[in-house]
Amino acid sequence: MYFPTLRPRRLRGSETLRRMVRENLLTVDDLIYPMFVIYGEEVANPISSMPGVCQYSVDKLLPAVGEVVELGIPAIILFGIPDVKDEKGSGAYAADGIVQEAIRAIKKEYPDLLVITDVCLCEFTSHGHCGIVHEGDVLNDPTLEFLARTALSHVEAGADMVAPSDMMDGRVRAIREKLDDNGYSKIPIMAYSAKYSSAFYGPFREAAESAPQFGDRRSYQMDPPNSDEAIKETLLDIEEGADIVMVKPALAYMDIIRRLKDEFTYPVAAYNVSGEYSMIKAAAEKGWIDEQAVVMEMLTGMKRAGADLILTYFAKDAAKWLKDR
């Protein structure tokens, strides 16, 4: 059939009809809210490049988490900023580290909230890289044990899921074995499987205080022009024990989200990163765009591309807007 018999506009005639035939639906259950915790008391440091986002001390973090719970957002992912950094990132795996302290406080107050932790060393190392450094080189294999120790310390503190973001080869296997050997075989791993070396991370480095002190991360994060490599990286993570795989960033990499979803039967997460957030906030503040309309279109686009879960700094706003629909 063809026009005039076939008229696609017939199914667009009213909001009710559009809603009934809608192919992809964004819900609050798709959202994960990133949060930053720092030492101190009564601390809520606004991130200048990320309006609405703060570094919280644990006492201030709890009411902020309470708002997340009240909105029905099912999960947060937690990033920590230590008071002291060293070359081996020892604050990342310390039993009394800032992330571990925050996990215990959150799970005591909100036991049903899913607490995911970012597993990496960059916030905790004096050099700002995601692994152990020797003579300017980020060493892969020696880093694995430190990452595994970090993941175990998070789980021992009460984390429900761990998310390695470092992009060291073999880190998912090292973490899976460490958790299993210590009786935590039921804890899932959400791997940053296709994490690109991206210019969109700039504001995050202010929030997490994690900018590298020399060089860059291109020797371990993926090269943006590559697509087939994302399939290889993701397959390796799945074979090593990943339960959820992630694409980061999301907005400029929707083709990668789609490829992973088509290639594998695993849940796919997309990280709507800080630069994507800040660009929209800046344009909205100038009145150039309708923030709500753009955010909801963007998040729906990620869902349409194949994302089952979306990590986004817009999670609280999106949850409110979804309630109003």
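Now for a look at the structure at hand. These figures come from a predicted structure and were not determined experimentally. (Residues numbered from 1 in each chain as written. Predicted model: local features only at pLDDT ≥ 70, side-chain atom pairs only at ≥ 80, totals over all residues. Heavy atoms only, no water.)

Some remarks on a nonpolar patch on the surface
Side chains of Leu11, Met20 and Val21 sit close together on the surface and give an oily, nonpolar patch of about 310 Å² of accessible area. Mapped onto the elements, leucine 11 comes out in the segment before helix 1 (15-20). For leucine 11, a relative accessible area of 47% corresponds to the partly exposed category. (Patch = residues over 30% accessible without salt bridge, like charges linked within 9 Å, V, L, I, M, F, W, Y side chains within 5 Å. Areas by Shrake-Rupley, 256 points an atom, 1.4 Å probe, with all protein chains shown as cover. Salt bridge = Lys/Arg side-chain N within 4 Å of Asp/Glu carboxyl O. Helix = DSSP H or I, 4+ residues; strand = E, 2+ residues; numbered from the N terminus. Buried < 20%, exposed > 50% of the residue type's maximum accessible area, 1.4 Å probe, protein only.)

A look at the pairing of strand 11 (residues 268-272)
Here strand 11 lies mainly inside the structure; 5 of its 5 residues are buried. Going residue by residue along strand 11, you find Val268, Ala270 and Asn272 tucked away on one face and Ala269 and Tyr271 tucked away on the opposite face as well. With 3 bridges connecting them, strand 10 (residues 244-248) and strand 11 associate as parallel partners. Paired with valine 245 across the bridge in strand 11 is valine 268. What joins strand 10 to strand 11 is helix 8 (residues 254-263), and the crossover it makes is right-handed. (Pairing = 2+ DSSP bridges. Right-handed = clockwise from strand over helix to strand, strands pointing away.)

Structural notes on the packing of helix 9 (residues 274-285) against helix 10 (residues 291-305)
Relative orientation of the contacting elements helix 9 and helix 10 amounts to 155°, with a least axis distance of 10 Å. In terms of their interaxial angle, helix 9 and helix 10 are classed as roughly antiparallel. Read as a crossing pair, helix 9 and helix 10 show a hand that is right-handed. Contact residues: Glu276, Ile280, Lys281 and Ala284 in helix 9; Glu291, Val294, Val295, Met298 and Met302 in helix 10. (Axes fitted to C-alpha atoms, helices over the stretch in contact; angles between N-to-C directions. Parallel < 35°, antiparallel > 145°, perpendicular 65-115°, else oblique. Left-handed = near helix turned anticlockwise from the far one by under 90°. Contact = heavy atoms within 4.5 Å.)

Things to note about the environment of alanine 242
If you trace the backbone, alanine 242 turns up in the loop between helix 7 (228-240) and strand 10. Along the chain, alanine 242 and valine 172 lie 70 residues apart, while their C-alpha atoms are 6.5 Å from each other. Apart from the residues lying within four places of it in its own chain, the contact partners of alanine 242 are Val172, Ile189, Ala191, Asp237 and Tyr266.

Digging into the environment of lysine 286
Residue placement: lysine 286 occurs in the loop between helix 9 and helix 10. Taking C-alpha positions, lysine 286 is 43 Å from valine 155, a pair spaced 131 residues apart along the chain.

Points about helix 8
Of the positions making up helix 8, those classed as buried are Met254, Ile256, Ile257 and Leu260. The arc that holds every buried residue of helix 8, seen down its axis, measures 160°, which confines them to one face. The elements touched by buried residues of helix 8 are strand 9 (190-195), helix 7, strand 10, strand 11 and helix 10. (Arc of directions from axis to C-beta.)

Quick word on a positive patch on the surface
A surface patch of positive charge is lined by Arg7, Arg9, Arg10 and Arg12. Mapped onto the elements, arginine 7 comes out in the segment before helix 1. (Lys, Arg positive; Asp, Glu negative; His and termini not counted. Charge placed at Lys NZ, Arg CZ, Asp CG, Glu CD.)

A look at the packing of aromatic side chains
By the definition in use, this model includes 10 aromatic pairs. Relative to phenylalanine 204, the ring of phenylalanine 36 lies with its centre 5.6 Å away and its plane at 55°, an arrangement referred to as tilted. Here phenylalanine 204 lies in helix 6 (residues 202-208) and phenylalanine 36 lies in strand 1 (residues 31-38), a separation of 168 residues in the sequence. Residue phenylalanine 36 is classed as buried on the basis of its relative accessible area, which comes to 0%. What makes phenylalanine 204 buried here is its relative accessible area of 10%. Note on tyrosine 93 and phenylalanine 146: the rings are 5.6 Å apart at their centroids and 45° apart in plane angle, and the pair reads as tilted. Residue tyrosine 93 is located in the loop between strand 4 (75-81) and helix 3 (98-109), and its partner phenylalanine 146 is located in helix 4 (residues 141-157); the two are separated by 53 residues in the primary sequence. The pair formed by tyrosine 93 and phenylalanine 146 is uniform in burial state, with each residue classed as buried. Aromatic rings pair up to connect Phe36, Phe79, Tyr192, Phe204, Tyr271, Tyr277, Tyr313 and Phe314 into one cluster. Sitting over the face of the ring of tyrosine 201, lysine 195 holds its NZ or CZ atom 6.0 Å from the ring centroid. It is lysine 248 that lies over the ring of tyrosine 271; its NZ or CZ is 4.5 Å from the centre. (Phe/Tyr/Trp six-rings, centres within 6.5 Å; stacked < 30°, edge-to-face > 60°. Lys NZ or Arg CZ within 6 Å of the ring centre and 35° of its normal.)

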